[in-house]
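Descriptive analysis of the structure
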Amino acid sequence: LTIEELYQQHKDTVYNVALHYVQQVEDAQEITQDVFVAVYQSIDSFRGAAAVSTWIYRITVNKSLDFIKAKQRKKRFAFLTALFKDESMETMYHPPENNHPGIQLEDKEALTILFGHINQLPDNQKTALILHKIEQQSQAEVAEIMGISVKAVESLIQRAKTNLTKKINQTKDTTF
Amino acid sequence: MNIDDLHKLKRVETPPFLFTRIQQKIEESRVGMMPKKFVWAVGLSFVLVLVLNVGMILSTNHQPNSLEQFAQSLDLVNDNTLYK
């Protein structure tokens, strides 16, 4: 398979998964580019032990998590530099606004809050939830993508649901 | 609001210009990358030079010749040091 064929087959999956992680169009586009460059560079070493889609999912998850970590590092650096400058924190820190294009206008408020909570989950719970709940992958497929057992996936999803429900209830309590 | 609200998310299409950017990035990464054969050849030649050097040092281990042995036995100074 050529890189163009792989891109045509998997571009929407990669872009949508990236969007679920970062909820920013520009960031998701950057991740998608990084994923396909990585696919191109490692296509020779791909031995076909897993399905191509599983392999691409795995690269997408890793690239998305790396992107978020790099962004957090930048934020921390900006915070530290702000301490040594005569500027207030409000001018330095701009929380990213959710502009996930898959969110319909009528659901924007609820899904923005929901993604805010998902972003606070540990990486493995977030990944299991995104792949299973949003991408509709079976637990076995999620297990293969994450390189863990099906039982571990089941447990991660359960913990993610419990944590999310707690956070949703807290939000409801503070709103009403 | 609950977790099942996530099913309301619509699938989004990738922007059409993205593949051109990917091709550009691939080209950029290709320029920066050396061919694997070249990297291996350079690495192997370094190892070869190192092995030859070590081999030379070990094989030319200094053995005193008969004249030096004679001078040593008489406790003569056989270097060019004038003042000791």
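Residues numbered from 1 in each chain as written. Chains lettered and ligands numbered in written order. Predicted model: local features only at pLDDT ≥ 70, side-chain atom pairs only at ≥ 80, totals over all residues. Heavy atoms only, no water.

**Let's talk about the overall build of chain A**
Helix and strand content of chain A: 8 helices and 0 strands. Helices (α) and strands (β) of chain A occur, in sequence order from the N terminus, as α-α-α-α-α-α-α-α. Taking the principal axes of its C-alpha atoms as reference, chain A extends roughly 55 × 35 × 30 Å. By residue count, 41% of the 176 residues in chain A fall in the buried class. Accessible surface computed for chain A: about 9800 Å², of which carbon and sulfur atoms make up 52%. Each charge sign in chain A was given a centre, from 20 positive and 22 negative side chains, and these centres are 8 Å apart. (Helix = DSSP H or I, 4+ residues; strand = E, 2+ residues; numbered from the N terminus. Buried < 20%, exposed > 50% of the residue type's maximum accessible area, 1.4 Å probe, protein only. Areas by Shrake-Rupley, 256 points an atom, 1.4 Å probe, with all protein chains shown as cover. Lys, Arg positive; Asp, Glu negative; His and termini not counted. Charge placed at Lys NZ, Arg CZ, Asp CG, Glu CD.)

**Let's talk about helix α7 (residues 139-146) of chain A**
Residues and elements named next belong to chain A. Residues of α7 that are buried: Val142, Ala143 and Ile145. Down the axis of α7, the smallest arc covering the buried residues is 165°, so these residues share one side. In the stretch just after α7, glycine 147 is the one whose phi turns positive, near 70°. (Arc of directions from axis to C-beta.)

**Let's talk about the interface of chain B and chain A**
Contact residues are listed per partner, giving 25 residues for chain B and 42 residues for chain A. Buried surface at the junction of chain B and chain A, both sides included, amounts to about 3000 Å², of which 67% is carbon and sulfur. Where chain B meets chain A, there are 3 salt bridges. Here Lys25(B) ties to Asp34(A) by a salt bridge, and the two come within 2.9 Å at their closest N and O atoms. At the junction of chain B with chain A, the criterion picks out 10 residue pairs in polar contact (both at pLDDT 80 or more). Class assignment of the residues belonging to the side of chain B that touches chain A gives a composition of 12 nonpolar, 4 polar and 9 charged. (Contact = heavy atoms within 4.5 Å. Buried area = accessible area lost by both parts, 1.4 Å probe. Salt bridge = Lys/Arg side-chain N within 4 Å of Asp/Glu carboxyl O. Polar contact = N/O pair within 3.5 Å; in protein donor to acceptor, adjacent residues only side chain to side chain. Nonpolar A, V, L, I, M, F, W, Y, C, P; charged D, E, K, R; others polar.)

**Some words on the environment of Thr171(A)**
With respect to the helices, strands and loops of the structure, Thr171(A) is situated in helix α8 (residues 150-175). Using a relative accessible area of 17% as the deciding quantity, one classes Thr171(A) as buried. Each C-alpha atom, one on Thr171(A) and one on Tyr7(A), is 40 Å from the other, the two residues being 164 residues apart in sequence. If we ignore the near neighbours within four places in the chain, the residues touching Thr171(A) are Ile113(A), His117(A) and Met1(B).

**What about unusual backbone geometry?**
All names here are of chain A. Residue glutamine 23 is not a glycine yet carries a positive backbone phi of 55°. With a relative accessible area of 4%, glutamine 23 lands in the buried category. Even without being a glycine, glutamine 136 presents a positive backbone phi close to 60°. Tracing the backbone shows glutamine 136 in the loop between α6 (123-134) and α7.

**A word on the packing of helix α1 (residues 3-22) of chain A against helix α2 (residues 25-42) of chain A**
Residue and element names in this part refer to chain A. Put simply, α1 and α2 touch, their axes get as near as 8 Å, and they point 140° apart. The orientation of α1 with respect to α2, classified from their angle, is oblique. In this structure, α1 crosses over α2, and the sense of that crossing is right-handed. Packed against α1, whose contacting residues are Ile3, Leu6, Tyr7, His10, Lys11, Val14, Tyr15, Ala18, Leu19 and Val22, the element α2 presents Val25, Asp27, Ala28, Gln29, Ile31, Thr32, Val35, Phe36, Val39 and Tyr40 at the interface. For the contact of α1 with α2, a count of residues per class yields 15 nonpolar, 3 polar and 2 charged. (Axes fitted to C-alpha atoms, helices over the stretch in contact; angles between N-to-C directions. Parallel < 35°, antiparallel > 145°, perpendicular 65-115°, else oblique. Left-handed = near helix turned anticlockwise from the far one by under 90°.)

**Some thoughts on the confidence of the model for chain B**
All names here are of chain B. Mean pLDDT over chain B: 83, with 87% of residues reaching 70 or higher. Within chain B, helix α3 (residues 66-73) has the poorest average pLDDT of any element, 79, and helix α2 (residues 36-59) the best, 90. The ipTM value of the predicted complex is 0.77, and its pTM value is 0.74. (pLDDT = per-residue confidence, 0-100.)

**Some words on the environment of Asp4(B)**
Here Asp4(B) is to be found in the segment before α1 (18-32). Side chain to side chain, Asp4(B) and Lys133(A) meet in a polar contact 3.2 Å long.

**Focus: helix α3 (residues 52-83) of chain A**
Under the 1.5 Å per step criterion, the end-to-end length of α3(A) is 47 Å for 32 residues, consistent within 8% with the ideal 46 Å. Among the residues of α3(A), Thr54(A), Trp55(A), Ile56(A), Tyr57(A), Ile59(A), Thr60(A), Val61(A), Ser64(A), Leu65(A), Phe67(A), Ile68(A) and Ala82(A) are the ones counted as buried. (Expected span 1.5 Å × (residues − 1).)

**Describing the packing of aromatic side chains**
In this structure the tally under the stated criterion is 3 aromatic pairs over all chains. Note on Tyr7(A) and Phe19(B): the rings are 4.8 Å apart at their centroids and 35° apart in plane angle, and the pair reads as tilted. Within this pair, whereas Tyr7(A) is found in helix α1, its partner Phe19(B) is found in helix α1, the two belonging to separate chains. For the residue pair Tyr7(A) and Phe19(B), the accessibility class agrees, reading buried in each case. Within the aromatic cluster, the residues linked to one another by ring pairs are Tyr7(A), Phe36(A) and Phe19(B). (Phe/Tyr/Trp six-rings, centres within 6.5 Å; stacked < 30°, edge-to-face > 60°.)

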